[in-house]
Amino acid sequence: MKTLFKLTVVCMIAVAVLAACRSRTISPSEVVAVTGQTITDDPAAGVWWGLPYHPAKLILQDLVEPRLMEPSTQEVEVTAMTDGKTVAFRLEWIDDSQDDLPGPQKFIDGCAVQLPQKMETNVPAPQMGEDAKTVEIAYWRADWQAIVDGRVDEITSLYPNASVDHYPFRAESLKKDPKAQGEMEQRYAPARRLGNSRSGPRKQPVEDMLAEGPGTLTRTNAVSRGRGVKTPKGWAVVIIRPLPEGISVQKGTNIAFAVWQGARRETGARKMRTGWIPLILKEPGK
Amino acid sequence: MARVNNWQLGREMSYWYPESRPDKQFAAVFDINKCIACQTCTLACKTTWTSGKGQEYMLWNNVETKPYGFYPLGWDLKLLEMLDGQKWDQSGEKPVYGGSTIFESAPAGERVLGWRPEEEDYAYPNVGEDDCAGQIDGGTSFQMPHMAWFYYLARICNHCTYPACLAACPRGSIYKRPEDGIVLVDQGRCRGYQECVRGCPYKKVFFNPMSGTSEKCIACYPKMEQGLQPQCFVNCIGKIRMAGWISKPEEAREDNPIDYLVHVRKIALPLFPQFGLEPNVYYIPPIHVPTSFTRQMFGPGVDDAIAAYKKAMSEGDDDLAGLLGLFGSTEEVMSRWTRNGETITGFNDKGEEAVRVPLREPVNIRPAYDKLYQITRVNCP
């Protein structure tokens, strides 16, 4: 009897999801951020299914070396909402493997959202902007998500069978002095000591950056947040950032996306990306 | 790409950036014939710099047995297979490299011809240790060169004049210091793309999975700034290493120890010059190894280098023999040296005397029977 009940519930959920999928509207030429929404960072939240999605075609980054020579991810499905202050983008793409463990010759799944810093008629180059035409980038990575979700900052998190003879900062003489211990640990972690945002424990899986062309990425004040989950087919990631200044229902801007598949050894400039896509705000039901 | 002069190739070559040589260039000479692979250098480096999380597998300095030792696995063979040609034209006064460098062979979409080791390639740091190049049967007697051989190759970052790691980094996170030519990864800027790991043919840049950045040998620059040689040099038990400064060939000074060994006497040779990086660690090649092997590794100057090295002892080449005696004699960097009769003197960067060594170490032969203590001793040379 219990089994029958469970089966019924599962069927009902499946029917509901299918019905929701069928009712989803496609926005073929622009990303639509629906206004008046309560922002969520949950990629699995039901609210997303009622919003129009844009299937953004991805192309190779083949303008600057190192280039990506073979295409991988074909498309990223983008849904967006706004509460008038922030805007949330839900990105979903197909990826067979979960690549969130860093290591030599191991790369990380990730995605990024890019917007022009200023709403101008002449938009910056879609490839990371250009001189004096800055773009803002919010970048999500699967390994950062794993850290936020509780991965411990130890080598055994990456290599469970790793055996370490000795770390100087774990010496008996330092155990009573956590401050001295921390300082000693940083002596062997210069990137952390310098505050490199790539490095170390973190509270957000998303990083905010500015760029004025390829190779110019610079960290900026953290204003974005997000959350990503592995789905049976790939990744679903929500990136929430401030609504671009000057955007309104009457006046849109542009947006671009990039996706990295770790298993394909995509990293940095080796990525699949879009050109600029119009981003507009729309009231619900319109 | 720019056109730059690479004196080790005897010609110009293509490089990602224009030629920009530092005010001084860090350089080193390693005498392979004296290395016993005790790995003291490896541990000196390890304990000084790479004892942190994510650095467990890193060996900025390593010593491997050639021909079957590698760290990481197959680091040299893999690229040698990828690099076509590698022929030297020796018809003129100086040898000229006729093949392509890794910059000139860069495939479409890449900055350099490179490859990235797999994780497993780092799992065997001393694979091939003491493995001989051939079978040694009973009754075999050795001649020179040995028909069955191996030798120890100590390796650090070459702090190249044309670093491939620097050329490969798409965001300019690697730089060559203008004051001393030391090549560093900016740990504040690196984003861990591992393009430098792919680009460096010597595989001397390592990705740190805990910091998310790439790290490499820094030539102990805090010591070099104080006029002191790096840790792996001063801890070397075999006294095989000397650190200093190298000039361009046309500006070579006979009283500069590195210039004398590299440019004047030409007994110290670069590691795989055909890659095109103008590496600045120079090796006195092993004298017992068939030069068909070492010529590929150190270039066409191997035969002459070995001949000159052997003569230093056998035919009373006091200058060369004396300078070799300065290896491992002081912690200070010697930028000048002199020989006055039987005395060799090294001077530091300030021109002050750093060390004085005899041309020949005094030899005392004790009688086997010690009358004082009424015992017989075994004399070991």
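Everything numeric in this text was worked out from a predicted model, so none of it was measured.

**As for the overall build of chain B**
A count of helices and strands for chain B gives 10 helices and 19 strands. A compact globule built from 381 residues would reach a C-alpha radius of gyration of about 21 Å, and chain B, at 21 Å, matches this within 12%. Reported as C-alpha extents along the three principal axes, the dimensions of chain B are approximately 75 × 50 × 50 Å. Of the contacts formed within chain B by residues at least 6 apart in sequence, a portion of 63% connects residues at least 24 apart. Total accessible area on chain B stands at roughly 16,000 Å², and carbon and sulfur atoms take up 51% of it. Mean positive and mean negative side-chain charge positions of chain B (41 and 47 charges, respectively) differ by 2 Å.

**What to know about helix 8 (residues 291–298) of chain B**
Residues and elements named next belong to chain B. Buried within helix 8 we find Thr291, Thr294, Met297 and Phe298. Relative to the axis of helix 8, the buried residues are bounded by an arc of 120° and lie together on one face. Tucked into the core, helix 8 has its buried residues touching strand 4 (62–66), helix 2 (75–82), strand 7 (151–155), strand 13 (269–270), strand 14 (281–284) and helix 9 (302–314). Note on helix 8: the residue one or two positions beyond its end, Gly299, has a positive phi of about 90°.

**Re the interface of chain B and chain A**
Every contact between the two is made by 40 residues of chain B and, on the other side, 42 residues of chain A. Taken over both partners, the interface formed by chain B and chain A buries close to 3,300 Å², and the fraction arising from carbon and sulfur atoms is 51%. On the chain B side of the interface with chain A, the three residues burying the most area are B:Lys53, B:Arg191 and B:Met210, jointly 22% of the side's total. On the surface where chain B and chain A come into contact, there are eight salt bridges. The salt bridge partner of A:Glu207 is B:Arg191, with a shortest N-O separation of 2.9 Å. At the boundary of chain B with chain A, the tally comes to 24 residue pairs in polar contact (both at pLDDT 80 or more). Those elements giving two or more residues to the side of chain B that touches chain A turn out to be helix 1 (40–49), helix 4 (195–199) and strand 11 (213–216) of chain B. A per-element tally of the side of chain B that touches chain A places helix 1 of chain B first, with three residues. Looking at side-chain class alone, the side of chain B that touches chain A contains 12 nonpolar, 15 polar and 13 charged residues.

**So, empty space enclosed by the protein**
Residues and elements named next belong to chain A. Applying the stated criterion to the full structure yields seven cavities of 30 Å³ or more. Taken as a whole, the largest cavity holds about 220 Å³ of empty space. Those elements that place two or more of their residues in the lining of the largest cavity are helix 2 (142–148) and helix 3 (155–158). If you tally residues by element for the lining of the largest cavity, the top one is helix 2, at three residues. Split into classes, the residues belonging to the lining of the largest cavity amount to eight nonpolar, four polar and six charged. Mapping the lining of the largest cavity onto the domain boundaries places at least three of its residues in each of domain 1 (30–153 + 201–282) and domain 2 (155–198).

**A few points about the domain arrangement of chain A**
Residues and elements named next belong to chain A. If you check the domain split of chain A, you get domain 1 (30–153 + 201–282) and domain 2 (155–198). The C-alpha centroid of domain 2 is placed 32 Å from the C-alpha centroid of domain 1. Counting from both sides, the interface comprises 14 residues of domain 1 and, opposite them, seven residues of domain 2. In this assembly, domain 1 packs against domain 2 so that about 900 Å² is buried in total across both faces, 37% of it on carbon and sulfur atoms. Broken down residue by residue, the surface that domain 1 buries against domain 2 is led by Pro102, Asp153 and Arg219, which jointly contribute 35%. Remark: the boundary between domain 1 and domain 2 carries one salt bridge. As a salt-bridge pair, Arg192 and Asp153 come within 2.8 Å of each other at their nearest N and O atoms. Across the domain 1-domain 2 interface, the total number found is five residue pairs in polar contact (both at pLDDT 80 or more). For the side of domain 1 that touches domain 2, the per-class residue count stands at six nonpolar, one polar and seven charged.

Calculation notes
Residues numbered from 1 in each chain as written. Chains lettered and ligands numbered in written order. Predicted model: local features only at pLDDT ≥ 70, side-chain atom pairs only at ≥ 80, totals over all residues. Heavy atoms only, no water. Helix = DSSP H or I, 4+ residues; strand = E, 2+ residues; numbered from the N terminus. Rg over C-alpha atoms; globule rule 2.2 N^0.38 Å. Contact = heavy atoms within 4.5 Å. Areas by Shrake-Rupley, 256 points an atom, 1.4 Å probe, with all protein chains shown as cover. Lys, Arg positive; Asp, Glu negative; His and termini not counted. Charge placed at Lys NZ, Arg CZ, Asp CG, Glu CD. Buried < 20%, exposed > 50% of the residue type's maximum accessible area, 1.4 Å probe, protein only. Arc of directions from axis to C-beta. Buried area = accessible area lost by both parts, 1.4 Å probe. Salt bridge = Lys/Arg side-chain N within 4 Å of Asp/Glu carboxyl O. Polar contact = N/O pair within 3.5 Å; in protein donor to acceptor, adjacent residues only side chain to side chain. Nonpolar A, V, L, I, M, F, W, Y, C, P; charged D, E, K, R; others polar. 1 Å grid on protein atoms, 1.4 Å probe; cavity = no way out; pocket = protein on both sides within 12 Å on 5 of 7 lines; lining within 4 Å. Points joined across faces, edges and corners; volume = space filled by probe spheres on them. Domains from an automatic or database assignment.

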